[in-house]
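Architecture at a glance
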Amino acid sequence: MDNDNHDLAKLLPALPMLVELGASRHVTATAEALGIPQSTVSRTLARAAEVVGTPLVLRKGRGVELTPAALALIPRAAEALETIREGLAQARELSGKQFGRIQVAFQHTFGEVALPILIRAFAQIHPGVTFDLQQGSRAFCLDLLATGSADLALVAPPPAPSRTIGSEVLYSEPLKLVVSSGHPLFGSSGVRLDAVRDEPFIMLEPGYGMHSIVESLCQRAGFRPRVAFQGQDLHTVRGLVSAGLGIAVAPPEKFVAQAAPGGGLGWCEVEILWPNAHRDVGLVWRNRADTSAQATRFRDLVLAEGRDLLGASQSSTGLGRGQRSAG
């Protein structure tokens, strides 16, 4: 038993490195991910190989090849580390201090105002909790949630609640027609959407929430948009509009570009008088018993206080009436 404990004491420091190496297959990448020198990784793996009695990695070009012994050990190492993480979280919880990590997926649009406001409110109560943030399209965020790579997602529009997921709308924001400085509607106080039915539209790609929202809005106005260009963020969409390549429907931007001198790029937002143009922004979460305590606390805070927090920011940031939008 003493020899076993001695071997385990030498092997345990190598487990996080082995698990990371199994994912990256590169010693340098493993060292960077763990924040330690590459030489430390190499030495620790060498000591682990002595305990196992056979090499764990073999050099292969610029990377490494895992030996059968390593491939057998890595899944068990990953399981052991996850068990230790759970025990550490419970121990910290009993200590009275708040630790933990919350994984949040969000659409590009919400990274400038909405999400920072919500995280700040939570961090004031739980300063020891950290966040893993991943941004992308609505479809990307919901995929992360479905696979367990995210605890919560901030998307527009939120999907309907189901047996596997919960969702709730936090706020709605108006949508505007974006036109270039050379467009006849530049400076207009408002327009019916069907008045621009024959013009080329610039939209976000399928999978982004705004794509389906704009398609639905145009359908309600009695036409199908003729798509000239598609992009992956609203900054690009507005840039293409500024160049006179089409029009767009988008959430309001806090800074509205005016016509630039000398024929430069410019755009403005025009109110859509009909049909009613807005989008719902909401929080989505998985209905699972094993959701971490901290993710549950963050969800509960957002649902209880999110509307007031985000509503209070409207006058200073334009959220809901003129939020800056990144995608």
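See above for the structure.
The rules we used
- Residues numbered from 1 in each chain as written.
- Predicted model: local features only at pLDDT ≥ 70, side-chain atom pairs only at ≥ 80, totals over all residues.
- Heavy atoms only, no water.
- Helix = DSSP H or I, 4+ residues; strand = E, 2+ residues; numbered from the N terminus.
- Buried < 20%, exposed > 50% of the residue type's maximum accessible area, 1.4 Å probe, protein only.
- Contact = heavy atoms within 4.5 Å.
- Areas by Shrake-Rupley, 256 points an atom, 1.4 Å probe, with all protein chains shown as cover.
- Arc of directions from axis to C-beta.

Brief notes about the overall build of the protein
Broken down by element type, the protein carries eleven helices and 13 strands. Evaluated residue by residue, the protein yields a buried proportion of 43% over its 327 residues. Summarising the internal contacts of the protein: among those between residues at least 6 apart in sequence, 75% fall at separations of at least 24. Carbon together with sulfur atoms contributes 52% to the accessible area of the protein, which is approximately 16600 Å² in total.

Topic: helix H7 (residues 138-147)
Looking only at H7, the buried set comprises Arg-138, Cys-141, Leu-142, Leu-144 and Leu-145. Around the axis of H7, the buried residues are gathered within 155° of arc, so they sit on the same side. Residues of H7 that are exposed and point over 90 degrees away from its buried face: Ala-146 and Thr-147. Residues of H7 that are buried make contact with strand S3 (101-107), strand S4 (130-136), strand S5 (152-155), strand S6 (165-174), helix H8 (209-220) and strand S13 (278-286).

Points about unusual backbone geometry
Each neighbour pair has its own omega, and for Ala-156 with Pro-157 the value is -10°, a cis peptide bond. Along the chain, Pro-157 turns up in the loop between S5 and S6. Cis peptide bonds are those with omega within 30 degrees of zero, and the linkage from Trp-274 to Pro-275 qualifies with -5°. Structurally, the position occupied by Pro-275 is in the loop between strand S12 (267-274) and S13.

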